[in-house]
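Each chain, written out:
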Amino acid sequence: MTTTVNISPTSPLGVAEHTLFVCKTCASVWQDGKRLGESGGEKLLHQLQQLAQDWDLRDQFLIEEVECMSACNRSCVVAFAAKGKLTYLFGDLAVDGSASAVLQCASQYYTKADGLLPWSERPEALKKGILAKIPPLSQ
């Protein structure tokens, strides 16, 4: 289940062409089957939302919170996706201090026609935590 956090339509159909998914259940503390307090993913999401207010690409990227991205042992997790581009899934992101690197990498992703993010060009926080690079869907 996903929830739209920041709607910034840019395509002719009124839908953002790039999406940054953020797992909101990452780094949760659980007790008796219930989550306690704010998760690390929610903290990262809030930091991204705050930074995105002044981000040049805020109108080109939809930021969506996701209930779970099934990478619990590698939290915190984000993904970049766009039609016709590779989809990237990154994990092992620090709750504090990763948000600016995520937006920097998203900016790099945006400029690449195929979405390819070479290791050497990625911000330090996203060099080691790659979990998946998924081929684009056929257009």
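Along every chain, residues carry numbers that run from 1 in the direction the sequence is written. Only residues with pLDDT of at least 70 get local features here, since the model is predicted, and only at 80 or more are side-chain atom pairs given and counted; chain-wide, interface and lining totals rely on the full set of residues. Note that water and hydrogens are dropped before the side-chain values are worked out from all heavy atoms of the structure.

Undergrad: Would you take a moment to explain the environment of Thr19 for this structure?
TA: Position of Thr19 among the secondary structure elements: in strand E2 (residues 18–23). Along the backbone, Thr19 and Ile63 are 44 residues apart, and their C-alpha atoms lie at a distance of 5.9 Å. We call two residues in contact whenever any of their non-hydrogen atoms come within 4.5 Å of each other. If we skip the residues at most four places from it in the chain, Thr19 touches Phe61, Leu62, Glu64, Ala79, Phe80 and Ala81. A helix here means a DSSP run of H or I that spans at least four residues, while a strand means a run of E at least two residues long, and both kinds are numbered starting from the N terminus.

Undergrad: What exactly am I supposed to notice about the pairing of strand E6 (residues 78–82) here?
TA: Under the scheme applied here, a residue whose accessible area is under 20% of the maximum for its type counts as buried, over 50% as exposed, and between as partly exposed, the area being computed with a 1.4 Å probe on protein chains only. Along E6, 5 of the 5 residues are buried, which leaves the element largely enclosed by surrounding structure. DSSP bridges decide pairing: two strands pair if at least two such bridges lie between them. Examined bridge by bridge, E2 and E6 share 5 bridges and lie antiparallel to one another. In the strand pairing of E6, Val22 is matched with Val78. Where E6 and strand E7 (residues 87–90) come together, 3 bridges link them in antiparallel fashion. Looking at E7, one finds that Phe80 is bridged to Tyr88. Taking the residues that link successive antiparallel strands as the turn, the E6-E7 hairpin has 4 residues, and the phi of Gly84 there is positive, at about 80 degrees.

Undergrad: Help me out: how do you make sense of the side chain of His18 in this one?
TA: Looking at the secondary structure, you find His18 in strand E2. Taking the relative accessible area as the measure of exposure, His18 reaches 7% and is therefore buried. Any pair of N or O atoms that falls within 3.5 Å is considered a polar contact. Within protein, one atom must be able to donate a hydrogen and the other to accept it, and sequence-neighbouring residues count only if both atoms are side-chain atoms. A polar side-chain atom of His18 sits 2.8 Å from a polar atom in the side chain of Lys85.

Undergrad: I'm lost on the environment of Val77 in this one. Help?
TA: Take Val77: it is sitting in the loop between strand E5 (61–66) and E6. Take Val77: its relative accessible area is 1%, and that puts it in the buried class. In the structure, Val77 is positioned 11 residues away from Val66 in sequence and 9.9 Å away in space, judged by C-alpha atoms. Apart from the residues lying within four places of it in its own chain, the contact partners of Val77 are Phe21, Val22, Cys23, Cys26, Met69, Ala71, Leu89, Phe90, Gly91 and Leu131.

Undergrad: Would you mind going over the state of the cysteines with me for this structure?
TA: Disulfides are defined as pairs of cysteine sulfur atoms found within 2.5 Å of each other. Applying the stated criterion across every chain, the model contains 0 disulfides. Here Cys68 is not cross-linked by a disulfide; its sulfur's nearest cysteine counterpart is in Cys72, at 4.2 Å. Cys76 carries a free sulfur, and the closest cysteine sulfur to it, the one in Cys26, is 4.9 Å from it.

Undergrad: Please explain the packing of aromatic side chains as it appears in this structure.
TA: How two aromatic rings sit relative to each other is given by the distance of their centres and the angle of their planes. The aromatic pairing rule takes the rings of Phe, Tyr and Trp, using the six-membered ring of Trp, and pairs them if the centres are within 6.5 Å, calling planes under 30 degrees apart stacked, those over 60 edge-to-face and the rest tilted. Under the defined criterion, the tally for this structure stands at 6 aromatic pairs. Consider the rings of Tyr88 and Phe90, whose centres lie 5.7 Å apart with planes at 10 degrees: the pair is stacked. Given the relative accessible area of 0%, Phe90 is considered buried. Ring geometry for Tyr88 versus Tyr109: centroids 6.4 Å apart, planes at 90 degrees, classification edge-to-face. Of this pair, Tyr88 sits in strand E7 while Tyr109 sits in helix H2 (residues 99–111), placing them 21 residues apart in sequence. We note that Tyr88, like Tyr109, is buried. Among the aromatic residues, those joined into a cluster by ring pairs are Phe80, Tyr88, Phe90 and Tyr109. Charge over a ring is defined by NZ of Lys or CZ of Arg lying within 6 Å of the ring centre and within 35 degrees of the ring normal. Above the ring of Tyr109, the side-chain terminus of Lys85 is found at 4.9 Å from the ring centroid.

Undergrad: Would you mind going over helix H1 (residues 40–52) with me for this structure?
TA: Count 3.6 residues to each turn of an α-helix, and residues three or four apart come out pointing the same way. To estimate how far a helix should reach, multiply one less than its number of residues by 1.5 Å. Spanning 13 residues, H1 covers 18 Å between terminal C-alpha atoms, matching the ideal 18 Å at 1.5 Å per step. Buried within H1 are the following residues: Gly40, Gly41, Glu42, Leu44, Leu45, Leu48 and Ala52.

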